[in-house]
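# What the coordinates show
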Amino acid sequence: MKETSQYVLANVNVATMTPEVEPYGMILAGAVVVADGKIRWVGAAADLPEIYADWTVRDMGGRLVTPGLIDCHTHVVFGGDRAQEFEMRLNGASYEEVARAGGGIVSTVSATRAATLDDLVASALPRLDALIAEGVTVVEVKSGYGLDHDTELTMLRAARQLAKLRPVTIKTTFLGAHAAPAEYKGRDDDYISEVCIPALRAAHAEGLVDAVDGFCEGIAFGPEQIERVFKVAQELDLPVKLHAEQLSHQGGTLLAARYGALSVDHVEYANEQDAEAMAASGSVAVILPGAFYTLRETQAPPIEHFRSHGVPMALATDCNPGSSPMTSLLLAMNMGCTLFRMTPAEALAGVTCNAARALGMANRGQVAPGLQADLAVWDVKTPAELAYRIGFNPLYARIHKGEL
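Residues numbered from 1 in each chain as written. Predicted model: local features only at pLDDT ≥ 70, side-chain atom pairs only at ≥ 80, totals over all residues. Heavy atoms only, no water.

## A look at the sheet that holds strand β12 (residues 313-315)
- Read across the open sheet, the eight strands follow the order β5-β6-β7-β8-β9-β10-β11-β12; overall the sheet is parallel. A single partner strand is all that each edge strand has here, and the edge strands are β5 (69-71) and β12. Direction aside, the axes of adjacent strands within the sheet are offset by 25° on average.
- The sheet contact formed by strand β10 (residues 263-266) and strand β11 (residues 284-287) spans three bridges and is parallel. Residue pairing for β11: Asp265 is matched across the bridge by Val286.
- This element, helix α6 (residues 188-205), spans β7 (169-177) and β8 (211-216) of the sheet and lies at about 160° to β7. (Pairing = 2+ DSSP bridges. Helix = DSSP H or I, 4+ residues; strand = E, 2+ residues; numbered from the N terminus. Axes fitted to C-alpha atoms, helices over the stretch in contact; angles between N-to-C directions. Contact = heavy atoms within 4.5 Å.)

Structure, rendered in structure tokens:
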């Protein structure tokens, strides 16, 4: 339901996720003033300016307020499922073996091509609803399962439609350079020229693209092919990001950094040189523990290198039908801590301020005056509880654009 456009969230502890106060930028016994969809003021309740004294007060009972959570890497729009591949992997096949046998990304293509726009929207909504139910207010959605001109655009249209059906912000990413489809087997360069780049231009002309991504890997595309796509993105004034160094070290991270990528994602096989390049370019390392877990990988991302070089780290679900069929960002936080030894503070930053940075959204991810009022209210005592619990959702209230 919609609430009044001006109110005070009172009796709260606020994890602002601003850098001035560590950890979490905590304000105890605080208050947050919301007006017309934005944060007007935040601070200790005892310091609340008198001009807000007669505003509507919403008592949150001493609960924790954080920025609304941001899932900065998902593939929630797709057709079909890949439960059979899950079974194959448990019977011993590697992700690469599954892909080379006709599974993996390409196996989802036929189901996605066969689906209508309405089909894709309908199948994505339950996944989106699961994220929203955990306090998520921004979701990035990629194309990449069409791998032809029309279906890539249909996926992006479906993503745009989701934002009209739910109170959530959707950021779209063109991922035409995800894999070469069967009809272009052995002709990767032709696919980039004849399908990927023309589809990118068409999607941009229709206003469907917020960023451009690619999959730089031995089973996908090499740096030279990805760079051809990045050059077009640069021409269209679109930011780039990249799936890189997930299964092997192909040099994608250095390429992405050279193009000033918003983020480099997966990065299990990234090294210290990669971390240095990302620090220099300001790129965010998006850590995706769901895929690491599902694929039973053993090469963990170089968290210590990212820390030592000051590379901001985000966490995301990587929700997709094959390597990370996960729709819980809270679980991703726990996995980041448990599997990769990230701290709870790093995990919360990874789904708020750093996730916003990975999407180029300067007006989200913190509780600070002037930013959009995307907030989550949690029935917990400390922020660490959000990463500590497994399979438990303590969300009390969710606020998107000021609406409770």
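## Regarding the domain arrangement of the protein chain
- Domain boundaries assigned for the protein chain yield domain 1 (6-67 + 366-399) and domain 2 (69-358).
- Put simply, the middle of domain 1 and the middle of domain 2, counted by C-alpha atoms, are 31 Å apart.
- Residue-level contacts link 24 residues of domain 1 with 23 residues of domain 2.
- Carbon and sulfur atoms make up 65% of the area that domain 1 and domain 2 hide from each other, which totals about 1,600 Å².
- Per-residue buried area on domain 1 facing domain 2 is highest for Met17, Ala387 and Arg398; these three make up 36% of the total on that side. (Domains from an automatic or database assignment. Buried area = accessible area lost by both parts, 1.4 Å probe.)

## Some remarks on the pattern of salt bridges
- Applying the stated criterion to the full structure yields 17 salt bridges.
- Residues Lys241 and Glu140 are paired through a salt bridge, measuring 3.9 Å at the closest nitrogen-oxygen approach. Here Lys241 is found in strand β9 (residues 241-244), whereas its partner Glu140 is found in strand β6 (residues 136-142), with 101 residues between them in sequence.
- Arg157 serves as the salt-bridge partner of Glu206, at 2.7 Å between the closest nitrogen and oxygen. Here Arg157 lies in helix α5 (residues 149-165) and Glu206 lies in the loop between α6 and β8, a separation of 49 residues in the sequence. (Salt bridge = Lys/Arg side-chain N within 4 Å of Asp/Glu carboxyl O.)

## A short note on the UniProt feature "binding site: Fe(3+)" (unreviewed entry) in the protein chain
- Those places that UniProt annotates as "binding site: Fe(3+)" (unreviewed entry) correspond, in this numbering, to His73, His75, His243 and Asp318. Judged by maximum C-alpha separation, these annotated positions cover 246 residues in sequence but sit close together in space, the widest gap being only 12.5 Å.
- Relative to the assigned elements, His243 resides in strand β9.
- Excluding residues within four positions of it along the chain, His243 makes contact with His73, His75, Lys142, Leu175, Asp213, Gly214, Phe215, Cys216, Asp265 and His266.
- A distance of 3.1 Å separates polar atoms of two side chains, one belonging to His243 and the other to Asp213.
- In this fold, Asp318 is placed in the loop between β12 and α12 (329-340).
- Accessibility expressed as a relative area gives 1% for Asp318, which makes it buried. (UniProt positions renumbered as here; feature names shortened; annotations may be inferred. Polar contact = N/O pair within 3.5 Å; in protein donor to acceptor, adjacent residues only side chain to side chain. Buried < 20%, exposed > 50% of the residue type's maximum accessible area, 1.4 Å probe, protein only.)

## Focus: helix α4 (residues 117-132)
- Taking 1.5 Å per residue as the helical rise, α4 with its 16 residues ought to reach 22 Å, and the 22 Å between its terminal C-alpha atoms agrees with that figure.
- Within α4, the full set of buried residues consists of Leu120, Val121, Ala124, Leu125, Arg127, Leu128, Leu131 and Ile132. (Expected span 1.5 Å × (residues − 1).)

## Quick word on the side chain of Asn320
- Following the sequence through the fold, Asn320 ends up in the loop between β12 and α12.
- When its relative accessible area of 4% is taken as the criterion, Asn320 is described as buried.
- Looking at Asn320, its side chain comes within polar contact range of the main-chain nitrogen of Gly322, at 2.8 Å.
- Once you skip the residues sitting within four places of it in the chain, Asn320 turns out to touch His75, Phe78, Tyr145 and Pro325.

## Side note on the nonpolar core
- Core analysis: the biggest nonpolar cluster contains 101 residues, and Val77, Leu200, Val209, Val212, Ile287, Phe306 and Leu348 have the highest contact counts within it.
- For this core, the element with the highest residue contribution is α6, accounting for eight residues.
- Composition of this core by domain shows at least three residues from each of domain 1 (6-67 + 366-399) and domain 2 (69-358).
- When neighbours within four sequence positions are excluded, Val212 is seen to be in contact with Thr173, Phe174, Leu200, Val229, Phe230, Ala233, Leu238, Pro239, Val240 and Lys241.
- By size, the runner-up hydrophobic cluster in this structure holds 19 residues, among which are Ile39, Val65, Leu371 and Ile399. (Core = buried A, V, L, I, M, F, W, Y, C linked by side-chain atoms within 4.5 Å.)

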